[in-house]
Amino acid sequence: MIAALTFDLDDTLWDTPPVIRRAEEVTHAWLARQWPAVAQRFDVAGLAALRRQVAEEDPARAHDFTLMRFRTYRRAAEAAGYPPEAVARGAFAVFYRERNRVELFPDVLPVLEPLARRLPLAAVSNGNADIHAIGLGHVFRHALSAREVGRPKPDPLIWTEACRRLGVAPRAAVHVGDHPEHDVAGARAAGLRTVWLNRSGGRWPGAERPDAEIPDLTALPEVLARWGLARPAAGPEPSPFPSRG
Ligand SMILES: [Mg+2]
């Protein structure tokens, strides 16, 4: 019986690369206006290269994308002779606002909203998207990030913690995600059932296959029905204010 669901965010619920590309361009244009010497020293690709370098210097925290971006903007500001904190705070605020302006895949709300009325859902992401800013706060009971739990997927820790907050055993939970290793292998290692969301129609690249493979989310309810959904727990109505967990 399935009693809870966890979902990946980036590239599972929206197409991420164009979002990040646009966010980096908008941030660069902001820098060019506010702190021009940074933008002159580093073009968009230059800031991306600096961010990779910053991440390589601290592999233990490279999964904390927010921290890595702050360090990148600080470093670029120092190189240009500007106050690092002011530049980093301003640039990250611009980046983060744009990063959370995403276009959901059309199957997301029609599938997740009815599921969320039956079962608790949690978002588990290596990225730093904000489900509330994106307009998904009403479908997820909890949102967990690699930054918050301290280790990135495929480490099973994020699912262990998600299941604890959802109040279910891992074997009663299903994870849905696009990435064969980060999502399928990781969630399996944590003891969850796995659904590989294969939107591009690629071949399964890994060894051990997911428990199910779907081309889009509209196929998910049928998979869950096959496995059996737990009856909604009796009890108080769920709060209309989802926890920011
Ligand atoms: Mg993903």
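Residues numbered from 1 in each chain as written. Predicted model: local features only at pLDDT ≥ 70, side-chain atom pairs only at ≥ 80, totals over all residues. Heavy atoms only, no water.

### Focus on the overall build of the chain
Put simply, the rule reads: Numbering of helices and strands runs from the N terminus, with a helix taken as a DSSP run of H or I at least four residues long and a strand as a DSSP run of E at least two residues long. Each residue's exposure class comes from its accessible area (1.4 Å probe, protein chains only) as a fraction of the maximum for that residue type: buried when under 20%, exposed when over 50%, partly exposed otherwise. Note that His is not counted, nor are the chain ends; the positive residues are Lys and Arg, and the negative ones are Asp and Glu. Charged side chains are reduced to one point each, which is NZ for Lys, CZ for Arg, CG for Asp and CD for Glu.
When its secondary structure is counted, the chain shows 11 helices and six strands. Its C-alpha atoms put the chain at 60 × 40 × 30 Å along the principal axes. Looking at the chain residue by residue over its 245 residues, the buried ones come to 48%. A distance of 3 Å separates the average location of the 32 positive side-chain charges in the chain from that of its 30 negative side-chain charges.

### Regarding the side chain of His-63
For the record, the criterion: We call two residues in contact when some of their heavy atoms are within 4.5 Å.
Considering the arrangement of structural elements, one finds His-63 in the loop between α3 (44–57) and α4 (65–80). Beyond its immediate stretch of four places on either side in the chain, His-63 contacts Asn-126, Ala-146, Arg-147, Gly-150, Arg-151 and Pro-152.

### Some details on the coordination of the magnesium ion
Just so we agree on the cut-off: Excluding water, the donors of a metal are its N, O and S neighbours within 2.8 Å, or within 3.2 Å for Na, K and Ca, and that exclusion means sites may look incomplete.
Protein-derived ligands of the magnesium ion are Asp-8 (OD), Asp-10 (O) and Asp-178 (OD), with the metal-ligand distances lying across 2.1 to 2.2 Å. All donors to the magnesium ion come from one chain, and their sequence spacing reads D-x1-D-x167-D. In this pair, Asp-8 sits in the loop between β1 (4–7) and α1 (16–34) while Asp-178 sits in the loop between β4 (173–177) and α10 (180–189), placing the two residues 170 residues apart along the sequence. Taking the relative accessible area as the measure of exposure, Asp-8 reaches 5% and is therefore buried.

### Observations regarding the domain arrangement of the chain
To keep it simple, the criterion reads: What marks off one domain from the next here is an automatic or database domain assignment. Accessible area that two parts lose when put together, evaluated with a 1.4 Å probe and summed over both, is termed the buried area.
According to the domain assignment, the chain consists of domain 1 (4–15 + 105–227) and domain 2 (16–99). Using C-alpha coordinates to define each centre, domain 1 is positioned 29 Å away from domain 2. Between domain 1 and domain 2, the residue contacts involve 14 residues of the former and 12 residues of the latter. Taken together, the two surfaces of domain 1 and domain 2 that pack against each other cover about 1,100 Å², and 44% of this comes from carbon and sulfur.

### So, the sheet that holds β1
Filter applied, for reference: Pairing between two strands requires that DSSP report at least two bridges joining them. Every axis corresponds to a line fitted to the C-alpha atoms, with the helix fit spanning only the stretch in contact, and the corresponding angles, defined between N-to-C directions, vary from 0 to 180 degrees.
With parallel pairing, six strands are arranged side by side in an open sheet as β3-β2-β1-β4-β5-β6. Strands with a single pairing partner mark the edges of an open sheet, and in this sheet they are β3 (142–145) and β6 (212–214). For this sheet the average axis-to-axis angle between neighbouring strands, irrespective of direction, equals 20 degrees. Each of β1, β2 (121–125), β3 and β4 is contacted by helix α9 (residues 157–166), which is oriented at about 160 degrees to β3, the strand it contacts most.

### Observations regarding the packing of α4 against helix α5 (residues 84–99)
We count it as follows: Any angle that falls under 35 degrees is termed roughly parallel, while one over 145 is termed roughly antiparallel, one within 65 to 115 roughly perpendicular, and all others oblique. Note on convention: the crossing is left-handed when the near helix lies turned anticlockwise from the far helix by less than a right angle, right-handed when the turn is clockwise.
It is at 8 Å that the axes of α4 and α5 come closest, and there the two elements cross at 135 degrees. Taken as axis vectors, α4 and α5 run oblique relative to one another. The two elements α4 and α5 meet at a crossing, and its hand is right-handed. Contacts from Thr-66, Arg-69, Phe-70, Tyr-73, Arg-74, Ala-77 and Glu-78 of α4 reach α5 at Pro-84, Glu-85, Val-87, Ala-88, Arg-89, Ala-91, Phe-92 and Phe-95.

### A short note on the environment of Pro-154
Inspection of the secondary structure puts Pro-154 in the loop between α8 (146–149) and α9. For Pro-154, a relative accessible area of 27% puts it in the partly exposed group. Considered as a pair, Pro-154 and His-182 are 28 residues apart in the sequence and their alpha carbons are 4.2 Å apart.

### As for the pattern of salt bridges
We count it as follows: Each reported salt bridge corresponds to a side-chain nitrogen of Lys or Arg within 4 Å of a carboxyl oxygen of Asp or Glu.
Inspection of the entire model under this criterion finds 20 salt bridges. One salt bridge connects Glu-85 with Arg-89, and the closest N-O pair in it is separated by 3.9 Å. Linking Glu-85 with Arg-89, this pair stays in helix α5, spanning four residues, or about one helical turn. In this structure, Glu-148 and Arg-165 form a salt bridge, with 2.7 Å as the shortest nitrogen-oxygen distance. Taken together, the residues span a long stretch of sequence, with Glu-148 in helix α8 and Arg-165 in helix α9 at a distance of 17 residues. Among the ionic contacts, a cluster of salt bridges with common partners joins Arg-22, Arg-97, Glu-98 and Arg-101.

### Some remarks on the packing of aromatic side chains
Note the cut-off: In this scheme Phe, Tyr and Trp rings, the latter by its six-membered ring, pair at centre separations within 6.5 Å, and the angle between planes marks the pair as stacked below 30 degrees, edge-to-face above 60, and tilted otherwise. By definition here, charges over rings are those cases where NZ of Lys or CZ of Arg is within 6 Å of the ring centre and within 35 degrees of the ring normal.
Under the definition given, this model contains six aromatic pairs. A centroid spacing of 6.2 Å and a plane angle of 40 degrees characterise the contact between Phe-92 and Phe-95, whose relative ring orientation is tilted. Placement of the pair is Phe-92 and Phe-95 together in helix α5, with a separation of three residues, close to one helical turn. By the burial criterion, Phe-92 is buried, and Phe-95 matches it. Aromatic side chains Phe-92 and Tyr-96 sit 5.3 Å apart centroid to centroid with 20 degrees between the ring planes, which places their arrangement in the stacked category. Linking Phe-92 with Tyr-96, this pair stays in helix α5, spanning four residues, or about one helical turn. Residue Phe-92 is classed as buried on the basis of its relative accessible area, which comes to 8%. Members of the aromatic cluster, each reached through a chain of ring pairs, are Phe-70, Phe-92, Phe-95 and Tyr-96. A cation over a ring is seen here: Arg-69 above Phe-95, with NZ or CZ 3.8 Å from the ring centre.

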